[in-house]
Amino acid sequence: MLTAHKIALNPNNAQATYFARASGTARFAYNWALAEWQRQYEAWKADNSLPQPSQRALRRQLNALKRERYPWMLEVTKNAPQMAIMQLGDAFRNFWAGRAQYPRFRKKGVHDHFSLSNDQFSVKGSRIRIPNLGWVRMRESLRFTGRIMSATLSRVADQWFVGITVDTGDSPKRRAENQGATGVDVGVSALAALSTGEKVVGPKAHKALLQRQKRLSRSLSRQHQAAKVRLGIAANAPIPKGVRLPVSENAKKARAKLFRLHARIANIRQDALHKLTSDLTRRFHTIAIEDLNVRGMLKNPRLARAIADMSFFEFRRQLEYKAGRRGGRVIVADRWFPSSKTCSVCGTIPEKMPLAVRQWTCPDCGTLHDRDVNAARNLPALGLAAPSRATTSSVECDACGEEGSGVSQSGNVKPASTKQEISTKLPLRRFGQV
Ligand SMILES: [Zn+2]
């Protein structure tokens with residue numbers, strides 16, 4: 001079983017500079033290979049006697065010309081560009097399999113990262129050895145034992161992390177304490193409601209820090225507009241292609257501040273989710289959840305923030321891998337099932353149920369229902385009829401410092417990259433851009 005542990009790093013200035021440079025090299029290699037892939041593919045379409053593009057060939061091609069054309073690439077480990085191109089191969093494989101979208105170019109400053117294969121680094125206590133760089137301090141030592149598969153170094157705000165993927169072998173955890181089933185309704189008002197009647201109140205991280213976030217992003221966008229006006233572009237007009245806005249030192253500082261705040265909110269949220277999913281999988285063997293159409297719901301602006309706050313995808317991802325480890329199972333109910341408006345006692349479905357209604361009385365049997373708890377109660381029964389899902393996911397981020405480990409294009413771990421892509425997409429998308 002593959003498990004990823006994400007650990008914060010304490011690099012010195014030289015090391016942080018090296019990380020930034022290695023990420024830049026990885027990004028360059030990835031983008032070079034993607035452009036080249038597209039070019040070679042078009043050429044192949046026109047003339048089928050030409051070879052089709054492949055990551056293996058592209059790695060060879062870049063190796064052959066980098067010394068002459070991109071000598072700065074030699075300043076960092078050669079593993080960084082190599083792994084990036086291998087990741088492009090994975091991205092294409094995921095795309096063909098229908099698991100992911102067509103690969104996109106990487107952007108500077110948006111999830112900067114680079115990866116190392118396991119023969120290129122070593123871990124000793126709370127230190128990691130990076131090629132051409134030496135030992136870098138980690139905030140804690142690796143929590144898992146097993147074969148180390150790969151590492152991805154990534155930056156969130158101004159903090160560097162290393163995500164180490166470990167093959168822990170087949171060592172399932174103890175089975176759930178209570179072998180029973182529960183329904184979980186991930187709600188808008190509470191983090192989750194269980195069919196046992198329990199309600200888990202979320203941290204509402206976003207709400208608590210929202211004011212500050214709003215203020216910061218407003219001041220940032222004002223600076224942005226002012227910069228545009230200084231260049232003679234209307235404040236709300238798009239920036240013409242090829243034009244680069246000058247970024248002041250103050251704007252840089254404000255942006256860094258905002259990113260740190262985003263990261264903090266994400267950490268609080270992630271922490272609450274991990275606690276909830278660990279608790280649920282420890283206590284229940286079968287957990288029924290609803291397959292909410294989160295994408296559709298995000299279009300509803302009033303609900304959007306609350307839903308994003310709850311990170312539903314991430315909740316489901318954690319639940320599935322954690323249940324899988326304990327031999328439990330997660331049942332996903334049909335998204336069209338009206339779970340919150342079906343009476344869990346007699347099965348009556350009242351005609352209308354606006355989202356604002358938090359409590360209702362069944363017109364038939366007179367039971368007073370809490371909206372979320374009632375929805376949760378409907379789920380297990382429904383789940384028993386549904387086929388069980390295989391929940392053995394291949395990579396999980398157990399002890400992430402933050403945000404689903406963010407290794408959305410991580411090297412050797414294909415199924416996970418799609419999974420994590422999904423789970424990080426909602427929050428990261430919002431965070432990646434100011
Ligand atoms: Zn009823």
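About the thresholds
- All residue numbers refer to positions counted from 1 along the written sequence of the respective chain.
- It should be noted that, the model being predicted, local features are given only for residues of pLDDT at least 70 and side-chain atom pairs only at 80 or more, the latter also being counted only at that level, while totals for whole chains, interfaces and linings use all residues.
- In DSSP terms, a helix is any run of H or I states spanning at least four residues, a strand is any run of E spanning at least two, and both are numbered starting from the N terminus.
- In this scheme every C-beta is placed from the backbone, and a residue whose C-beta has 20 or more other C-beta atoms within 10 Å is buried, one with 12 or fewer is exposed, and one in between is partly exposed.
- Residue count minus one, scaled by 1.5 Å, sets the expected span of a helix.
- Fitting axes to the seven residues that end at a residue and to the seven that start at it, the angle between those axes gives the bend at that residue.
- The contact criterion used is a C-beta to C-beta distance within 7 Å, with each C-beta placed from the backbone.
- Per-residue confidence from the predictor is reported as pLDDT, which spans 0 to 100.
- In this description, strands pair whenever DSSP reports at least two bridges between them.

For the rest of this paragraph, the subject is the overall build of the protein. Looking only at helices and strands, one finds 10 helices and 15 strands in the protein. Within the protein, the fraction of its 434 residues that count as buried is 40%.

One can find Leu142 in the loop between strand S5 (134–138) and strand S6 (147–156). By C-beta crowding, Leu142 is classed as partly exposed, having 19 other C-beta atoms within 10 Å. In this structure, the C-alpha to C-alpha distance between Leu142 and Lys124, residues 18 residues apart in sequence, is 8.7 Å.

A few words now on helix H2 (residues 55–69). Here H2 spans 20 Å end to end across 15 residues, near enough to the 21 Å set by a 1.5 Å rise per residue. If you look at H2, its biggest bend is around 25 degrees, right at Asn63. All of the buried residues along H2 are Gln55, Leu58, Arg59 and Leu62. In this fold, the buried residues of H2 make contact with helix H1 (13–46) and helix H3 (79–96).

Since the α-helix packs 3.6 residues into each turn, any two residues three or four apart lie on the same face. In this model, helix H8 (residues 312–325) (14 residues) spans 20 Å end to end at C-alpha, consistent with the 20 Å of a helix rising 1.5 Å per residue. In terms of burial, H8 is largely enclosed, as 14 of its 14 residues are buried. Looking one or two residues past H8, Gly327 carries a phi angle of roughly 75 degrees, positive in sign.

Our focus in this paragraph is unusual backbone geometry. The residue His111 is not glycine, and still its phi comes out positive at about 55 degrees. With respect to the helices and strands, the residue His111 is situated in the loop between H3 and strand S2 (113–117). Residue Asn132 is not a glycine yet carries a positive backbone phi of 60 degrees. Its place among the elements puts Asn132 in the loop between strand S4 (127–130) and S5. Asn132 gets classed as exposed once you count the C-beta atoms within 10 Å, which come to 12.

With that settled, the discussion passes to the confidence of the model for the protein. Model confidence for the protein is summarised by a mean pLDDT of 79, while 79% of its residues fall at 70 or above. When the criterion is pLDDT under 50, residues 386–434 qualifies, and its contacts beyond four places in sequence or with other chains add up to 126 contacts.

So, on to the environment of Asp170. By the element assignment, Asp170 lies in the loop between strand S7 (159–167) and strand S8 (178–185). In this structure Asp170 comes out as exposed when scored by C-beta crowding, with 6 C-beta atoms within 10 Å.

So, about the pairing of strand S1 (residues 2–10). With seven of nine residues buried, S1 lies mostly within the body of the structure. As paired strands, S1 and S7 are joined by seven bridges and run antiparallel to one another. Looking at S7, one finds that Lys6 is bridged to Gly163. Taken together, the two bridges between S1 and S5 define a ladder with antiparallel strand orientation.

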